[in-house]
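Examining the three-dimensional arrangement
The lines below spell out each chain.
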Amino acid sequence: VLSFGPDAEVIDPPELRDEVIGRLEATLAAR
Amino acid sequence: LPRAEARKAPAKASERLRRLLVVVPYLVRHPGTSVEEAVELFGLTERELLDDLNLLFVSGLPPYGPGDLIDVDIQDGRVWIGMADYFGRPLRLTRAEALALYLRGTALAGTPGLQEAPAMASALEKLGEGLGPEALGALPGRVEAAGPGSPVEWLDELRGAAATHERLRIEYHAASTAETTTREIDPEEVFVALGNWYVAAWDHRSEAERLFRADRIRSVEPTGLSFEPRGLEGAGRPLYSPGEDDLEVKLRLSPEARWVAEYYETSAETELEGGGLEVVMPAGRTEWLERLLLRLGADATVLVPEDLKGRVRDLARRTRKRYG
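In this report, we go over the structure that sits alongside the text. (Residues numbered from 1 in each chain as written. Chains lettered and ligands numbered in written order. Predicted model: local features only at pLDDT ≥ 70, side-chain atom pairs only at ≥ 80, totals over all residues. Heavy atoms only, no water.)

Here we look at the overall build of chain A
Looking only at helices and strands, chain A features one helix and zero strands. Counting the 31 residues in chain A, one finds 32% classified as buried. Surface summary for chain A: the accessible area is close to 1,900 Å², and the carbon and sulfur share equals 56%. (Helix = DSSP H or I, 4+ residues; strand = E, 2+ residues; numbered from the N terminus. Buried < 20%, exposed > 50% of the residue type's maximum accessible area, 1.4 Å probe, protein only. Areas by Shrake-Rupley, 256 points an atom, 1.4 Å probe, with all protein chains shown as cover.)

Remarks on the overall build of chain B
Regarding its fold elements, chain B presents 10 helices and 12 strands. Split into buried and exposed, the 324 residues of chain B put 36% on the buried side. Here the analysis covers contacts within chain B between residues at least 6 apart in sequence; of these, 57% occur between residues at least 24 apart. Total accessible area on chain B stands at roughly 19,200 Å², and carbon and sulfur atoms take up 51% of it. (Contact = heavy atoms within 4.5 Å.)

Looking at the interface of chain B and chain A
Counting from both sides, the interface comprises 18 residues of chain B and, opposite them, 19 residues of chain A. Taken together, both faces of the contact between chain B and chain A bury some 1,900 Å²; the carbon and sulfur share is 57%. Contact with chain A buries area across many residues of chain B, yet Arg291, Arg322 and Tyr323 of chain B alone supply 40% of it, more than any other trio. If you look at where chain B meets chain A, you find three salt bridges. A salt bridge links arginine 320 of chain B to glutamate 25 of chain A, with the shortest nitrogen-to-oxygen separation between them at 2.8 Å. Across the chain B-chain A interface, the total number found is six residue pairs in polar contact (both at pLDDT 80 or more). Contributions of two or more residues to the side of chain B that touches chain A are made by helix 9 (287–296), strand 12 (300–304) and helix 10 (306–322) of chain B. In terms of residues, the side of chain B that touches chain A owes the most to one element, helix 10 of chain B, which gives nine residues. Of the residues that constitute the side of chain B that touches chain A, the class distribution is nine nonpolar, two polar and seven charged. (Buried area = accessible area lost by both parts, 1.4 Å probe. Salt bridge = Lys/Arg side-chain N within 4 Å of Asp/Glu carboxyl O. Polar contact = N/O pair within 3.5 Å; in protein donor to acceptor, adjacent residues only side chain to side chain. Nonpolar A, V, L, I, M, F, W, Y, C, P; charged D, E, K, R; others polar.)

Re the side chain of arginine 291 of chain B
Relative to the helices and strands, arginine 291 of chain B resides in helix 9. Judged by its relative accessible area of 17%, arginine 291 of chain B is buried. Only 3.0 Å separates the side chain of arginine 291 of chain B from the side chain of aspartate 7 of chain A, close enough to count as a polar contact.

Remarks on the sheet that holds strand 6 (residues 196–203) of chain B
Backbone hydrogen bonds are what pair the strands of a sheet, in a parallel or an antiparallel way. Residue and element names in this part refer to chain B. Spatially, five strands are ordered 7-6-5-4-8 in an open sheet, and the strand pairing comes out antiparallel. Each edge of the sheet is formed by a strand with only one pairing partner; in this case those strands are strand 7 (208–213) and strand 8 (217–226). Between one strand axis and the next, the sheet turns by 45 degrees as a mean value, whatever way the strands run. Note that strand 6 and strand 7 share six bridges and pair antiparallel. Paired with valine 199 across the strands is phenylalanine 212, a residue of strand 7. Helix 7 (residues 155–164) contacts strand 4 (166–174), strand 5 (179–193), strand 6 and strand 8 of the sheet and is inclined by roughly 75 degrees relative to strand 5. (Pairing = 2+ DSSP bridges. Axes fitted to C-alpha atoms, helices over the stretch in contact; angles between N-to-C directions.)

Right, here's the structure in full:
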């Protein structure tokens, strides 16, 4: 999903949505 | 040399030998085959076939006496080959050849959309049975092609146009720019690599050779025009064609991201302590790389160029916004 960048958003399931948000925040914190 | 001229260069000796090894056994087993039929069957021009047969005429086994040379007789457009019984012997594969054939065949049979897949599966079964457990070991049943790639809606049309040299108009979605464009292409080779179908074609939009992922072709329309093949490379070619304006991107990959070096073209790789890898990747455009880096997250660090880091951060920020 992340390889689609802002062109895709996970709606369901919530666990996957949270995982994607978590990874994006980790990337923003690290770089 | 311009490509059109390069193509007229004489065929490589290895290609010619490969061709002879297929054509000659057939002609030995089918005496009196017409030149027309052989040309059609093996996809040759009449000139190529006659040149090959002329070469054969002076070939043979030591001591090369008249009785040791292959005898080629062409009469009324039909071909007879004598003194070449050794070509009539059934082909015997070595263990390494059988293994290679079995593995390549299994990969091909598992490719999505291949019409010939059932025939290939049956041939593989026969290969396995014919060679027996001794030659192939316990391989049958233990080797399967990796998960099928994306299905290709237009595969038959693409393969047909490549075979008959017909120009096509296509709609193509480029993953590197996330854009869909319409372009006319001369498809020369349709082949499988890494589980996906590719089309090596001359692209009239960019007036250059381009490689298209067949599953990203959204529509195909015949133009009614034909083209003269330029001899573009198909199977076995690198999937990335380097350009003069390519950037050199240096990444540090964690052990979890080592697959990147296997999947994408790299120009240098350095092993790191702990199982990581430092790689240099040539890249024409960086949009796809930014998305790859977003996906890799903390498993990849951009070392060079500096501004790529900023672009990945920006992409992460824009993506994060979607989630409120």
